[in-house]
Amino acid sequence: MFKRLLRDIWNKGENKLRRNHLDVFSALAREFHSGKALCGPRSFFGVEDFVDDDNTKPYTYRKEKISKNPHKHVSFKQRTIAYMQPFTLDVFISKRFVSASITHRVTSKQVAVAGTNSKDIKAALRSKSDIPACLAIGRILADRSREADVYTAVYTPRERDKFEGKIRAVVQSLIDNGIDIKVYLN
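About the cut-offs
All chains use their own residue numbering, which begins from 1 and follows the written sequence. Residue-level local features of this predicted model are given only where pLDDT is at least 70; pairs of side-chain atoms are given and counted only at 80 or more, and the full residue set underlies all totals for whole chains, interfaces and linings. Remark: hydrogens and water are excluded; side-chain values derive from all non-hydrogen atoms of the structure. UniProt positions are given in the numbering used here, feature names are shortened, and annotations may be inferred rather than shown by experiment. Every helix listed is a DSSP run of H or I at least four residues long, and every strand listed is a run of E at least two residues long, numbered separately from the N terminus. Note on areas: Shrake-Rupley, 1.4 Å probe, and residue coverage restricted to the protein chains presented here. Only buried residues count toward a nonpolar core. Its members are Ala, Val, Leu, Ile, Met, Phe, Trp, Tyr and Cys residues joined through side-chain atoms within 4.5 Å. Exposure classes here rest on a 1.4 Å probe applied to the protein chains alone. A residue is buried below 20% of its type maximum, exposed above 50%, and partly exposed in between. Any two residues whose heavy atoms approach within 4.5 Å at even a single point are treated as in contact. Note on ring pairs: Phe, Tyr and Trp rings are taken, using the six-membered ring of Trp, and paired if centres are within 6.5 Å. Classes follow the plane angle, with under 30 degrees stacked, over 60 edge-to-face and the rest tilted. Residue-level confidence of the predictor is what pLDDT reports, using numbers from 0 through 100. Within this document, salt bridges are pairs made up of a side-chain nitrogen of Lys or Arg and a carboxyl oxygen of Asp or Glu, the two lying within 4 Å of each other. Any two strands between which DSSP finds at least two bridges are classified as paired.

The name given to the chain in an unreviewed UniProt entry is L18 ribosomal protein Heart Stopper, and the organism recorded there is Pinus taeda. In its Subcellular location (unreviewed entry) section, UniProt records this for the chain: "Mitochondrion". Recorded under Sequence similarities (unreviewed entry), the UniProt text for the chain is reproduced unchanged: "Belongs to the universal ribosomal protein uL18 family."

Printed below as a string of structure tokens:
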């Protein structure tokens, strides 16, 4: 910051040799208290952000991921699948509760959400993590997604999940209540 102040003073022509040091300090004070921002804004963590060579965006906020292979072929299906089948189903089952949501793939917004931890559902269930709870979550999620005009979704189980038991109960309940679910098994 001090270097920048000196450079600004030098460029304004105040670099004449003066015998009195008070003139330099008064020029520094005048520059410092002029109300201009002399350095870039500080980041959230209190460290000044580093900017690219063209001063457009900081190094810390790199949005696009650079491919290791720039000549890699991306198929038509890979480019268009998010627009052809825009809604995905996400099911999370723990030992204590069950939750499911339908998410728009392009905008990453949740269209419909249901979980056994919510107050209205929790009071009506005997257990928050058994098969009848999974069936209730599927029924409620189907109603909420129909209210949001979503009638189809895609479900791909995670690597650690098997498509059986409670997960299958949630998906089957959605299908039984009028939501068309495409299940992609690897």
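**Considerations on the overall build of the chain**
Scanning the chain from N- to C-terminus turns up 6 helices and 5 strands. Reading the chain from its N terminus to its C terminus gives the helix and strand order α-α-α-β-β-β-α-α-β-α-β. On the chain, roughly 14,300 Å² of surface is accessible, and the fraction owed to carbon and sulfur atoms is 55%.

**Some points on the nonpolar core**
Counting residues in each nonpolar core, the largest one holds 28 residues, and the members touching the most others are Leu-89, Val-91, Leu-141, Tyr-155, Val-170, Leu-174 and Ile-181. Those elements giving two or more residues to this core turn out to be strand 1 (87-93), strand 2 (98-104), strand 3 (110-115), helix 5 (131-147), strand 4 (152-155) and helix 6 (166-176). Here this core gets 7 residues from one element, more than from any other, and that element is helix 5. Filtering out sequence-adjacent residues up to four positions away, Tyr-155 remains in contact with Leu-89, Val-91, Asp-161, Phe-163, Ile-167, Val-171, Ile-181, Lys-182, Val-183 and Tyr-184.

**A short note on the packing of aromatic side chains**
Scanning the model with the defined rule gives 2 aromatic pairs in all. Between Phe-92 and Phe-97, the aromatic rings sit 5.8 Å apart at their centres with planes inclined by 50°, giving tilted as the arrangement. On the basis of relative accessibility, which here comes to 33%, the residue Phe-92 falls in the partly exposed class. The exposure class assigned to Phe-97 is partly exposed, which follows from its relative accessible area of 23%.

**Overview of the side chain of Ser-173**
Locating Ser-173 in the fold gives a position in helix 6. Residues contacting Ser-173, with those up to four places away along its chain left out, are Leu-135, Gly-138 and Arg-139.

**Examining the confidence of the model for the chain**
When the pLDDT values of the chain are averaged, the result is 77; 66% of them are 70 or greater. Within the chain, the lowest mean pLDDT, 57, falls on helix 2 (residues 21-32), and the highest, 95, falls on strand 2. Across residues 14-21, confidence stays below pLDDT 50; counting only partners more than four residues off in sequence or on other chains, it has 6 contacts. Considering only residues more than four positions removed or in separate chains, one finds that residues 57-63, a stretch of pLDDT under 50, has 13 contacts.

**Looking at the pattern of salt bridges**
Side-chain pairs of opposite charge can arise whenever the charged atoms involved come near each other. One pass over the structure, following the stated rule, counts 4 salt bridges. Through salt bridges with shared partners, a single network forms among Asp-90, Arg-158 and Asp-161.

**Thoughts on the pairing of strand 2**
In terms of residue burial, strand 2 counts as a mostly covered element, since 5 of its 7 residues are buried. Direction of pairing for strand 1 relative to strand 2: antiparallel, over a ladder of 7 bridges. Bridging from a neighbouring strand, Asp-90 pairs with Ser-101 of strand 2. Linking strand 1 to strand 2, which pair antiparallel, is a turn of 4 residues. Here 5 bridges tie strand 2 to strand 3, and the two strands are oriented antiparallel to one another. Along strand 3, the bridge assignment pairs Ala-100 with Ala-114.

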